[in-house]
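# Secondary and tertiary structure notes
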Amino acid sequence: MQIQHAYLNDLMERVIQRNPAEPEFHQAVREVLSSLVPVVEARPEFITEGVMDCLVEPERIIKFRVPWEDDQGRVHVNRGFRVQFNSAIGPYKGGLRFHPSVYEGIIKFLGFEQIFKNSLTGLPIGGGKGGADFDPKGKSDSEVMRFCQSFMTELCKYIGPDTDVPAGDIGVGSREIGYLFGQCKRLRNEFTGVLTGKGLSYGGSLARTEATGYGLCYFADSMLKDAGRSFEGATVVISGSGNVAIYACEKATAFGAKVVAMSDSGGYIYDKNGIDLPLVKQLKEVERKRIREYTLTHPQAEYHEGCQDIWQIPCDIALPCATQNELDLNSARALIQNGCFAVAEGANMPCTPEAVEAFQAAKVLFAPAKAANAGGVATSALEMSQNSMRFYWTFEEVDEHLKEIMTNLYHNASSAAAQYGRPGDLVAGANIAGFLKVGDSMLAYGLV
Ligand code: NDP
């Protein structure tokens, strides 16, 4: 797919040449550059002053060895990454992902997306991301602890409350954040807000756990209302059963929807009576079990091996909340055929470009991840504020801020789309609104 602008198209070619074999990064850059065509046409200084060229090159990439010992005393060596992509509007901020699929290209794509997402929140945070090709699944707590301590022994040299503030992502939840924070505190001999997503007893924010899933539903709610629709009485399918999926399910249900399906990387459950969320929480958050065990308690529910077919289930609203490129063109066609009227991305880049195009062509309301799942990082920034103030807000106060941020974010993305000739196109709107603040700051600094 060509970008309809000679300079940006050439820049895209250079990105591909300089970052070979990183298709997820190419995909993310291509989407943003395509959206920015009307912006650089109106303001060519973003090209002449070098902003566009700098935008696609990370400020810094840190790549390191992570040796650790398993419970049998065997040594393993994983690879750790931190991509400090852009600090034009604040310290780098973005999660850490522990998953066997992690390599430099995945972290770059996530870090690049994070620049615009963080800008969209309206809060002063730059974009970064990190992780390792380590799989916490099936490891004992002691093994996870040893891995996290080894990972942080290197990472702690590069982060700090005013420099770079990592958080969780796939495979990095409260257990991992605890081990990481403990090691960082020990090595630096200081107690500062160097990570977010912390436990409540040591500097975490109320509502951070719920924030991405709740925020997704607040964003979707604004989008639905604008189109004269709502969650009330709607049937919803959610992929994943991790942090984002669980709290999206909780809030969508609170808004009057019926969630009928959820998944993990093994398969999906379909419960026509509506998902029993306390059971899913028990299985996934407490016991770390597989989603198929749901049917032991609810034999009327169906379990299907493999995740792809979850999108064949008829629904009004789809919330992909598992991982990148999990919803392809075939799945999009099935959703459209079954009358789905809204899709909001909880995971990062879960819909392939062909799927997004199909939704937009069919006038399905579409909320892109970098806007719709920004509630997590927004609340992380609120955690940073509370840590700096050495003060805590109540759950209700944080939730109120989150709701306001997500509602504003929707309206900003929607008006940017309209202003640049793409009314209703939230993909373009989010990219443009997210870029402008970052681009203007980069212009102000000159070449740095
Ligand atoms: P979790 O690790 O808590 O959950 C991930 C879920 O997705 C699990 O159910 C997992 O299944 C499933 N999954 C992972 N990989 C695959 C795969 N290849 N195919 C199918 N299913 C898969 O992660 P989160 O909920 O935190 O993150 C989910 C998504 O949301 C990611 O894209 C993340 O980047 C994004 N996100 C998360 C934020 C947060 O605050 N947590 C903030 C913004 C975005 P299994 O248990 O079998 O591994």
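Our structure's up above, just so we're on the same page.
What comes next concerns the included structure. Just so it is clear, the model here is predicted, and its values are computed rather than measured. (Residues numbered from 1 in each chain as written. Predicted model: local features only at pLDDT ≥ 70, side-chain atom pairs only at ≥ 80, totals over all residues. Heavy atoms only, no water.)

Inspection of the region around the ligand gives 26 residues, with D169, T212, S265, R290 and N348 positioned closest. At 2.9 Å, a side-chain N or O of R97 approaches an oxygen atom of the ligand. V244 places a main-chain nitrogen or oxygen 3.0 Å from an oxygen atom of the ligand. Across the complex, the protein chains shield 84% of the 890 Å² of accessible surface that the ligand would expose by itself. At the level of elements, helix 9 (208-226) and helix 10 (243-254) are the ones that each hand at least two residues to the shell around the ligand. Its residues assigned to classes, the shell around the ligand comprises six nonpolar, 13 polar and seven charged. (Near = heavy atom within 4 Å. Polar contact = N/O pair within 3.5 Å; in protein donor to acceptor, adjacent residues only side chain to side chain. Areas by Shrake-Rupley, 256 points an atom, 1.4 Å probe, with all protein chains shown as cover. Helix = DSSP H or I, 4+ residues; strand = E, 2+ residues; numbered from the N terminus. Nonpolar A, V, L, I, M, F, W, Y, C, P; charged D, E, K, R; others polar.)

Let us look at the packing of helix 16 (residues 375-389) against helix 17 (residues 395-419). Across the interface, helix 16 lies against helix 17 with an axial gap of 10 Å and an inter-helix angle of 135 degrees. As summarised for this structure, helix 16 and helix 17 are arranged oblique, according to the angle between their axes. As helix 16 runs across helix 17, the sense of the crossing is right-handed. In contact with G375, A378, T379, L382 and Q386 of helix 16, helix 17 contributes V398, H401, L402, I405 and M406. Taken together, the residues that form the contact of helix 16 with helix 17 break down as six nonpolar, four polar and no charged. (Axes fitted to C-alpha atoms, helices over the stretch in contact; angles between N-to-C directions. Parallel < 35°, antiparallel > 145°, perpendicular 65-115°, else oblique. Left-handed = near helix turned anticlockwise from the far one by under 90°. Contact = heavy atoms within 4.5 Å.)

With that settled, consider the pairing of strand 4 (residues 126-132). Along strand 4, seven of the seven residues are buried, which leaves the element largely enclosed by surrounding structure. Alternating residues of strand 4 divide into G126, G128, G130 and A132 and G127, K129 and G131, and every residue in both groups is buried. Alignment of strand 2 (residues 75-86) against strand 4, held across six bridges, turns out to be antiparallel. For G80, the partnering residue across the bridge sits in strand 4 and is A132. Bridge analysis of strand 3 (residues 92-98) against strand 4 gives five bridges, and the strand direction is parallel. Bridging across to strand 4, R97 finds its partner in G131. One crossover worth recording links strand 3 to the parallel strand 4 by way of helix 6 (residues 104-120), and it is right-handed. (Buried < 20%, exposed > 50% of the residue type's maximum accessible area, 1.4 Å probe, protein only. Pairing = 2+ DSSP bridges. Right-handed = clockwise from strand over helix to strand, strands pointing away.)

This part takes up the packing of aromatic side chains. Per the counting criterion, the structure on display carries 21 aromatic pairs. Residues F98 and F151 carry aromatic rings whose centres are separated by 5.2 Å and whose planes lie at 75 degrees to one another, so their mutual orientation is edge-to-face. Residue F98 is located in strand 3, and its partner F151 is located in helix 7 (residues 141-155); the two are separated by 53 residues in the primary sequence. Summarising the burial analysis for this pair, F98 and F151 share the class buried. (Phe/Tyr/Trp six-rings, centres within 6.5 Å; stacked < 30°, edge-to-face > 60°.)

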